[in-house]
Amino acid sequence: MRLAVASVLLAFLAGCGTPGADLFVAERSGSVPGAALRMRVIDDGQVVCNGKTHNLGSHDLIKAREAVRDISVQAKVDTNLPPGHPTIMRFRIRTQDGTVEFSDTSRGQPKGFYEAAELIRTIAIGACHLPR
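In every chain, residue numbers begin from 1 and rise along the written sequence. In view of the model being predicted, local features appear only for residues whose pLDDT reaches at least 70, and side-chain atom pairs are presented and counted only at 80 or more, with totals across whole chains, interfaces and linings using the full set of residues. No hydrogens and no water enter the side-chain calculation; it runs on all heavy atoms of the structure.

### Remarks on the sheet that holds strand S4 (residues 52-55)
Piece 1. Taken together, six strands build an open sheet; the order of strands is S4-S3-S2-S1-S5-S6 and the sheet is antiparallel. Where the open sheet ends on each side, the last strands, each with one partner, are S4 and strand S6 (99-103). Here the average twist between neighbouring strands, direction ignored, is 15°.
Piece 2. If DSSP finds at least two bridges between two strands, the strands pair. Secondary structure follows DSSP: runs of H or I at least 4 residues long count as helices, runs of E at least 2 residues long count as strands, and numbering of each begins at the N terminus. In this sheet, S6 lies alongside strand S5 (residues 89-94) in antiparallel orientation, the contact comprising five bridges. Bridge pairing in S6 links isoleucine 93 to valine 100.
Piece 3. Across the sheet, helix H2 (residues 58-76) is in contact with strand S1 (22-30), strand S2 (37-42), S5 and S6; its angle to S1 comes to roughly 80°.
Piece 4. Across the face of the sheet, helix H3 (residues 111-125) comes into contact with S1, S2, strand S3 (46-49), S5 and S6 while running at roughly 95° to S2. With axes taken as lines fitted to C-alpha atoms, and helix axes fitted only over the stretch in contact, angles between N-to-C directions fall between 0 and 180 degrees. Residue contacts are counted whenever heavy atoms from the two residues lie within 4.5 Å of one another.

Structure below.
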């Protein structure tokens, strides 16, 4: 009996400390200073910006989950919208469903793309303490 209890306890403890799953990985590039960004948003409330880990507030975590849902249809077909002119920012967002690519001036963007770009900027400035 003790062996069974110990086995269950060890199995439970082995699951502790397991890293959370990625919600999305975003790459942002552009023609303005501070545009370059690689952001990994993790479902455990962490965000990694340009290699540095930060805590993500619950509001932004909820928004990140919503953003992933909002772009899931386009991600499943790997949507890549060509940039318009002039382009200031370009985004590549990878989720478990697939990838979307677009710029701030891409034609035909769904609302979810605009919201994802805004969320990336909000997290970069807030949780990651970046200038943009």
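Moving on from the model shown.
### Section: the environment of alanine 127
Piece 1. Among the structural elements, alanine 127 can be located in the segment after H3.
Piece 2. Residue classification places alanine 127 among the buried positions, given a relative accessible area of 13%.
Piece 3. Sequence separation between alanine 127 and asparagine 55 is 72 residues; the distance between their C-alpha atoms is 6.5 Å. Remark: exposure states derive from per-residue accessible area (1.4 Å probe, protein chains only) relative to the maximum for the residue type, with buried under 20%, exposed over 50%, and partly exposed in between.

### A word on unusual backbone geometry
Piece 1. With an omega of -10°, the peptide bond between histidine 85 and proline 86 qualifies as cis.
Piece 2. Despite not being glycine, asparagine 50 shows a phi value in the positive range, around 50°.
Piece 3. Here asparagine 50 falls in the partly exposed class, since its relative accessible area comes to 43%.
Piece 4. Positive phi, close to 50°, is recorded for aspartate 78, a residue that is not glycine.
Piece 5. Summarising the element assignment, aspartate 78 is placed in the loop between H2 and S5.
Piece 6. With a relative accessible area of 48%, aspartate 78 lands in the partly exposed category.

Everything listed is a geometric property; what it means functionally is a separate question.
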